[in-house]
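Listed below are the residues making up each chain.
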Amino acid sequence: MLYWNSFSEFLAMGNHGVYVWGSVGVTAVLLALEPILLIQGRKSLMARLKRQFRAEKSDRNADRSNQNTRRSTD
Amino acid sequence: MNNRLINWFKYASPQSFYPIAGKMIPWFWALAAVFGAAGLYIGFGVAPTDAQQGEGYRIIFLHVPASWMSMFIYLVMAFWAALGLAYNTRLSGMMASALAPTGALFAFLSLWTGALWGKPMWGAWWVWDARLTSELILLFLYIGFIALQSAIDDPRRADKAGAILALVGVVNVPIIYFSVKWWNTLHQGSSVSLTKSPSMAMTMLWGMLLCALAFWMYSIAVALMRGRSIMLERERHTEWVRTLLTGNDSGKE
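Calculation criteria
- Position numbers for residues count from 1 along each chain, tracking the sequence in the order it is written.
- All chains are assigned letters beginning at A, and all ligands numbers beginning at 1, according to the order in which they are written.
- Two thresholds apply to this predicted model, a pLDDT of at least 70 for residue-level local features and 80 or more for giving and counting side-chain atom pairs, whereas whole-chain, interface and lining totals are computed over all residues.
- In this text, helices come from DSSP runs of H or I with a minimum length of four residues, and strands from runs of E with a minimum of two, each type numbered from the N-terminal end.
- As a reference, a globule follows 2.2 Å times the number of residues to the power 0.38, and the radius of gyration itself is taken over C-alpha atoms.
- Burial is judged by counting the other C-beta atoms within 10 Å of a residue's own C-beta: 20 or more makes it buried, 12 or fewer makes it exposed, and any count in between marks it as partly exposed, with every C-beta position built from the backbone.
- Each residue is represented by a C-beta atom placed from its backbone, and any two residues with such atoms within 7 Å are regarded as in contact.
- Polar here means any residue outside two lists: the nonpolar Ala, Val, Leu, Ile, Met, Phe, Trp, Tyr, Cys and Pro, and the charged Asp, Glu, Lys and Arg; Gly therefore counts as polar.
- Confidence scores labelled pLDDT are given residue by residue by the predictor and lie between 0 and 100.
- Only the contacting stretch of a helix is used when fitting its axis, a line to C-alpha atoms as for every element, and angles between N-to-C directions run 0 to 180 degrees.
- Angle categories: roughly parallel below 35 degrees, roughly antiparallel above 145, roughly perpendicular from 65 to 115, and oblique for all the rest.
- Two helices cross in a left-handed way if the nearer one is turned anticlockwise from the farther one by less than a right angle. They cross in a right-handed way if the turn is clockwise.
- As used here, a nonpolar core is made of buried Ala, Val, Leu, Ile, Met, Phe, Trp, Tyr and Cys residues. They are joined through C-beta atoms within 7 Å.

Draft legend 1. Region of the structure containing the overall build of chain A. The helix and strand inventory of chain A stands at two helices and zero strands. For a compact globule of 74 residues, the expected C-alpha radius of gyration is about 11 Å, and chain A comes in at 29 Å, more than 25% above that figure. Considered along the principal axes of its C-alpha atoms, chain A spans approximately 90 × 25 × 15 Å. In chain A, which comprises 74 residues, the proportion classed as buried is 12%.

Okay, here's the thing in structure tokens:
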């Protein structure tokens, strides 16, 4: 079924090995890199947003307790 | 009729599309892996050699699908952009932005694999012929779209400006596709055509179609992933993103 007789023949690609494997290699690297970068970007985005939401919440809580103390001193 | 229209618009909101996209992504990855493995096995393992081009012809199993994807993604991107201009839906602009980098990637791969094919076959990495030049313009259109969008701070205005660029650039896609017919070019005519029976052996055709399907599934998976991040980023001031990321403890009183 396989067209090749040996693995070295497969690697040589009839003296076109550099061109064939240069195409395959760059394609494989870029197609692997894109989802990796996307996953990393998504992780850092979610961490940033969570930090932001937590900060906003504690700001709100701080505001509320400030108001309460002001009200009690009046 | 009216009901159906409303249903479609329901899924056009980022809030309802976000979880659906998340469920679909693993399936598209699985399909991409299956089609990719089968296509590479046939293309690089089983397919016979080409009488004229020798083994170097095997580059076309990546080159042709990458070129198809670069054109097709542009059409889909322009379609989303047009939808965004017409209906002013938020999701359209997000999906157009999500597709652009992947389209640029495939345009680059098309040029790269083409150069590596051209060197042994034509004796030149690059020639300024109609097919190659119009594909290079496609890459520049993608880069221009991305640059224009990232230069405008307001995402809604960035969507509109990008949409107009994308729509004007659509004219380039038929130019790429028909360039081998319209002009006398060094690039060979299409190996697979919608109107004629293919001018290649069945195993080669299968290898190419399977690789194309794999790239197709890959593109959908990656575009959905990027789209989901864009949705979170742009909708960060809305309640659904806050609830999603902070759980039930939504920060509301």
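Draft legend 2. Just unusual backbone geometry, in detail. Even without a glycine there, the phi angle at A:Asn15 is positive, about 70°. Here A:Asn15 lies in the loop between α1 (7–12) and α2 (17–73). Backbone geometry at B:Asn88 places phi at a positive 60°, although glycine is not the residue there. Structurally, the position occupied by B:Asn88 is in the loop between α3 (60–87) and α4 (90–122).

Draft legend 3. Main features of the interface of chain B and chain A. With 32 residues of chain B at the interface, the matching set in chain A holds 27 residues. Of all the elements in the fold, those that place two or more residues in the side of chain B that touches chain A are α2 (14–46), α4, α8 (202–234) and α9 (239–246) of chain B. Broken down by class, the residue content of the side of chain B that touches chain A amounts to 16 nonpolar, nine polar and seven charged.

Draft legend 4. Structural view of the confidence of the model for chain B. All names here are of chain B. When the pLDDT values of chain B are averaged, the result is 88; 89% of them are 70 or greater. No element of chain B has a lower mean pLDDT than helix α1 (residues 2–11), which averages 60, and none a higher one than helix α5 (residues 130–151), which averages 95. Under the prediction, the complex receives an ipTM of 0.85, its pTM being 0.88.

Draft legend 5. Summary view of the packing of α4(B) against α5(B). All names here are of chain B. At their nearest, the axes of α4 and α5 sit 9 Å apart, and the two run at 150° to each other. Considering the angle they form, α4 stands roughly antiparallel to α5. Both α4 and α5 take part in a crossing whose hand is left-handed. Facing Ser97, Ala100, Pro101, Gly103, Ala104, Ala107, Phe108, Ser110, Leu111 and Gly114 of α4, the residues of α5 in contact are Leu132, Glu135, Leu136, Leu138, Leu139, Tyr142, Ile143, Phe145, Ile146 and Gln149. Of the residues in the contact of α4 with α5, the class split is 14 nonpolar, five polar and one charged.

Draft legend 6. Seen up close, the environment of B:Leu83. Residue and element names in this part refer to chain B. With respect to the element layout, Leu83 can be found in helix α3. Along the sequence, Leu83 and Ala163 sit 80 residues apart, while their C-alpha atoms lie 9.2 Å from each other. Here Leu83 is in contact with Thr89 and Ser92, once residues within four sequence places are set aside.

Draft legend 7. Quick peek at the nonpolar core. Counting 71 residues, the largest nonpolar core has B:Met77, B:Ala96 and B:Ala221 as the members making the most contacts within it. Within the residue set of this core, elements represented by two or more residues are α2 of chain A together with α2, α3, α4, α5, α6 (155–169) and α8 of chain B. Per-element tally for this core: the top contributor is α8(B), with 18 residues. Residues within four places of B:Met77 in sequence aside, it is in contact with B:Ala96, B:Leu99, B:Ala100, B:Gly103 and B:Ala166.

Draft legend 8. Up close: the environment of B:Arg226. Relative to the elements of secondary structure, B:Arg226 occurs in helix α8. With 173 residues separating them along the chain, B:Arg226 and B:Gln53 place their C-alpha atoms 39 Å apart. Beyond its immediate chain neighbours, meaning those up to four positions away, B:Arg226 contacts A:Leu38, B:Ala98 and B:Pro101.

Draft legend 9. Focus on the packing of α3(B) against helix α7 (residues 172–182) of chain B. All names here are of chain B. Running from N to C, α3 and α7 cross one another at 155°; their axes reach a closest spacing of 10 Å. The pairing of α3 with α7 is recorded here as roughly antiparallel in orientation. Read as a crossing pair, α3 and α7 show a hand that is left-handed. Taking contact as the criterion, the partners of Met71, Tyr74 and Leu75 in α3 are, on α7, Val173, Ile176 and Tyr177. Classifying every residue of the contact of α3 with α7 by side-chain character gives six nonpolar, no polar and no charged.

Draft legend 10. Structural view of the environment of B:Ser16. All names here are of chain B. Checked against the element boundaries, Ser16 lands in helix α2. Classification of Ser16 as partly exposed rests on a count of 14 C-beta atoms within 10 Å. Placed 224 residues apart in sequence, Ser16 and Trp240 show a C-alpha to C-alpha distance of 9.8 Å.

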